Amino acid sequence: MVSPYDVQARYSVKRGAGWVGYKVHLSEVCEPGTPHVITNVATTDATVQDTEMTDQVHQSLQARELLPAEHLVDCGYTSASLLVQARNNYDVNLLGPLRTDTSPQKRQAPEVAQEAFTIDWDTPRVTCPQGHTNAVWSAQRRNIRGVPIVQVFFRREDCDVCPLREASTAP
């Protein structure tokens, strides 16, 4: 319990600001030349991540026939899987920045962080920062939440002599 006045309130931190309470997730129509009308309101406890609400918001809007063709959101409501899910399940183009990579790899060796690799989903092929392409593309696995995982492996002979090898295998 974090509050004797509201036993369901929870403590959370977002962008360095902490609070006890709840989160509210608002959707509104933002078409040029029309009034901005709130079309959906969802209140959650403060510990619920925004990404957990994206699908629920779409479900609620769909039930009331208010789904937009394009849904503009902040980075809290996006992920690669949510972009695909919105398109496949609701025919909605979810638009918003993806979250910044905060991994140790990005901080310690940005030259081999994820964005340094080029992914061609149609081929499927990944090109490393040194110009080598993957030897294996495996898309048969899922993480513990059921999200599909793509694993890519490069040739040992390319990696053994790579000047970025130490940075790319750093813990």
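Coordinates for the structure precede this section.
Because the structure is a prediction, the values reported are computed rather than measured.

1. Topic: the overall build of the protein
Link 1 in the chain: Within the protein, the secondary structure is distributed over five helices and nine strands.
Link 2 in the chain: Since a compact globule built from 171 residues should have a radius of gyration of about 16 Å, the 21 Å found for the protein marks it as more spread out than a globular shape.
Link 3 in the chain: Dimensions along the principal axes, computed over C-alpha positions, put the protein at roughly 60 × 40 × 30 Å.
Link 4 in the chain: Within the protein, the proportion of its 171 residues that are buried is 25%.
Link 5 in the chain: Partitioning the contacts of the protein with sequence separation of at least 6, the portion at a separation of at least 24 is 32%.

2. Considerations on a nonpolar patch on the surface
Link 1 in the chain: Residues Val-2, Tyr-11, Val-13 and Val-20 make up a contiguous nonpolar surface patch of about 360 Å² in total accessible area.
Link 2 in the chain: The topology assignment puts Tyr-11 in strand β1 (residues 10-14).
Link 3 in the chain: Note on Tyr-11: relative accessible area 47%, which makes it partly exposed.

3. A word on the sheet that holds β1
Link 1 in the chain: Here three strands make up an open sheet; going across it, the order is β1-β2-β3 and the pairing antiparallel. This sheet does not close on itself; its edge strands, each paired only once, are β1 and β3 (38-45). When the angles between neighbouring strand axes are averaged without regard to direction, this sheet yields 50 degrees.
Link 2 in the chain: As judged from the five bridges shared by β1 and strand β2 (residues 17-28), these two strands associate in the antiparallel manner. Paired with Ser-12 across the strands is Trp-19, a residue of β2.
Link 3 in the chain: Along the sheet, helix α1 (residues 54-63) makes contact with β2 and β3, crossing β3 at roughly 140 degrees.

Parameters at a glance
Residues numbered from 1 in each chain as written. Predicted model: local features only at pLDDT ≥ 70, side-chain atom pairs only at ≥ 80, totals over all residues. Heavy atoms only, no water. Helix = DSSP H or I, 4+ residues; strand = E, 2+ residues; numbered from the N terminus. Rg over C-alpha atoms; globule rule 2.2 N^0.38 Å. Buried < 20%, exposed > 50% of the residue type's maximum accessible area, 1.4 Å probe, protein only. Contact = heavy atoms within 4.5 Å. Patch = residues over 30% accessible without salt bridge, like charges linked within 9 Å, V, L, I, M, F, W, Y side chains within 5 Å. Areas by Shrake-Rupley, 256 points an atom, 1.4 Å probe, with all protein chains shown as cover. Salt bridge = Lys/Arg side-chain N within 4 Å of Asp/Glu carboxyl O. Pairing = 2+ DSSP bridges. Axes fitted to C-alpha atoms, helices over the stretch in contact; angles between N-to-C directions.

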